[in-house]
Amino acid sequence: MREGERHIGIAVKSIANLLDRRMHASGGCPSGDHATPMQGRIIKYLYENAPRGDLFQRDLEQYFFIRRSTATGILNLMERSGLIRRESVEYDARLKKLVLTDTALEQHRRFSRLFAENEALMERGLTAEELDQFFAVVDKIKKNLE
């Protein structure tokens, strides 16, 4: 890469790395009983979306744009760590809904504070118009990649 060149992918990955590093440095993850940043994001998603009904692996795959194999690996680890349970649903024996455990709810409380701090830090100095513009650009990029 030549000096002065800018690449969207590198910028996005750099921000993701900085966020993960802040989560690790803040004591949010992982040291045996703590969730990783991605597990924290999944816990947050399940917690916030549970009121609308049962949630399944495919919901995570679609929301986070991850492959089935990636989601399976993360969920298997989360299940072994006692963060989620997979429970059968009456209306389709093939489906297993994802249910947060008490351990995950405790992790959610810790992660919520860290997520809020990171959001506030990222938004510092940005106007509402700049944030709207940022999300509009992000939405266009995601659509281009789909």
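First, a word on scope: everything that follows refers to the structure included in this document. (Residues numbered from 1 in each chain as written. Predicted model: local features only at pLDDT ≥ 70, side-chain atom pairs only at ≥ 80, totals over all residues. Heavy atoms only, no water.)

The next point concerns helix α5 (residues 102–123). With 22 residues, α5 should reach 32 Å at 1.5 Å per residue; the first-to-last C-alpha distance of 31 Å fits that figure. Restricting attention to buried positions, one finds in α5 the residues A104, Q107, H108, F111, L114, F115 and N118. Turning to α5, the residues buried within the fold contact α1 (8–25), α2 (37–49) and β2 (92–100). Of the residues one or two after α5, G125 is the one with positive phi, at around 85°. (Helix = DSSP H or I, 4+ residues; strand = E, 2+ residues; numbered from the N terminus. Expected span 1.5 Å × (residues − 1). Buried < 20%, exposed > 50% of the residue type's maximum accessible area, 1.4 Å probe, protein only. Contact = heavy atoms within 4.5 Å.)

Before going further, it helps to examine the packing of aromatic side chains. One pass over the structure, following the stated rule, counts four aromatic pairs. Seen from their ring centres, Y45 and F64 are 5.9 Å apart, and the 70° between their planes marks the pair as edge-to-face. You can see Y45 sitting in helix α2 and its partner F64 sitting in helix α3 (residues 57–64), a full 19 residues away along the chain. For the pair formed by Y45 and F64, the shared burial category is buried. With centroids separated by 5.1 Å and ring planes inclined at 75°, the aromatic side chains of F134 and F135 adopt a geometry described as edge-to-face. Grouped by ring-pair contacts, the aromatic residues Y45, Y63 and F64 constitute a single cluster. Positioned above the aromatic ring of F115, the side-chain terminus of K44 is 5.9 Å from the ring centre. (Phe/Tyr/Trp six-rings, centres within 6.5 Å; stacked < 30°, edge-to-face > 60°. Lys NZ or Arg CZ within 6 Å of the ring centre and 35° of its normal.)

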